[in-house]
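Survey of secondary and tertiary structure
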Amino acid sequence: MFEIRFHGRGGQGAVMASEILALAAFMEGKHPQSFPSFGLERRGAPVAAFLRVDDAKIGLRHAIYEPDFIVVMDRSLLKIETTLKGLKPGGGLLINSAGGPDSLGKIDGIDGNSNIAVGTVDASGIALKNGLGSRLMPIINTTILGAVVRMTNIVSMESLETAIEETIAKKGEDNRLCAREAYERVIF
């Protein structure tokens, strides 16, 4: 079983990102489970979404406390103590950032001996360049999924693109192109 926890802000599309990746996994014959966790339900408030993918049916029905991979859609969420909590040693971390992983410096919550693969992608820049969202709130859900697929190989890029096209009616092609660009530009 592979478990991913998404951390974003209301309006960035963390929940939709988890659902689209679940659809891509389902199309490959895998068993996905996707669900959100909301705090305050307002735009800009921290939001978490969870995704489990396995080759067999999943019987678990609780939040993901020890994920294999964490996606941070807004870098300011790294200041919240629980964002990186439970990340498994040898796991992966993807952060929406215009700079490379070295530009992040020491990340609180990451033990230097835990062998965590840290990646970055400028999902906000890519989304804005393609007209997804506004400067104050770029919509980066489909964009960052391209980078997730590249770092995890949880599904193929082709399955992700098909899931995006089936899920996003408006600007579907723009979303697919953003995911492809993030796949190619993620640094890890």
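The name recorded for the protein in an unreviewed UniProt entry is 2-oxoacid:acceptor oxidoreductase family protein, from Candidatus Zymogenus saltonus.

This next bit is on the packing of helix α3 (residues 141-152) against helix α5 (residues 172-185). At their nearest, the axes of α3 and α5 sit 7 Å apart, and the two run at 35 degrees to each other. Crossing angle aside, the handedness with which α3 passes α5 is right-handed. Along its contact with α3, which presents N141, T142, T143, G146, A147, V149 and R150, the element α5 presents N175, C178, A179, A182, Y183 and E184. Classifying every residue of the contact of α3 with α5 gives 6 nonpolar, 5 polar and 2 charged.

Once that is clear, we can look at the pairing of strand β3 (residues 46-54). Residues in a regular strand project their side chains so that they alternate between the two faces of the sheet. Summarising burial for β3: 8 of the 9 residues are buried, a large majority. Across 8 bridges, the pairing between strand β1 (residues 2-9) and β3 is antiparallel. Among the inter-strand pairings, E3 is bridged to a residue of β3, identified as R52. Sheet analysis places strand β2 (residues 31-38) next to β3, joined by 8 bridges and oriented antiparallel. Paired with S34 across the two strands is L51, which belongs to β3.

The subject of this paragraph is the pattern of salt bridges. For the coordinates displayed, the defined rule picks out 11 salt bridges. A salt bridge links K88 to D68; the nearest nitrogen and oxygen atoms lie 3.2 Å apart. Remark: D68 occurs in the loop between β3 and β4 (69-72) and K88 occurs in the loop between β4 and β5 (92-96); sequence separation between them is 20 residues. For K88, a relative accessible area of 27% puts it in the partly exposed group. The partner of E181 in a salt bridge is K129, with the nearest N and O atoms 2.7 Å apart.

Calculation notes
Residues numbered from 1 in each chain as written. Predicted model: local features only at pLDDT ≥ 70, side-chain atom pairs only at ≥ 80, totals over all residues. Heavy atoms only, no water. Axes fitted to C-alpha atoms, helices over the stretch in contact; angles between N-to-C directions. Helix = DSSP H or I, 4+ residues; strand = E, 2+ residues; numbered from the N terminus. Left-handed = near helix turned anticlockwise from the far one by under 90°. Contact = heavy atoms within 4.5 Å. Nonpolar A, V, L, I, M, F, W, Y, C, P; charged D, E, K, R; others polar. Buried < 20%, exposed > 50% of the residue type's maximum accessible area, 1.4 Å probe, protein only. Pairing = 2+ DSSP bridges. Salt bridge = Lys/Arg side-chain N within 4 Å of Asp/Glu carboxyl O.

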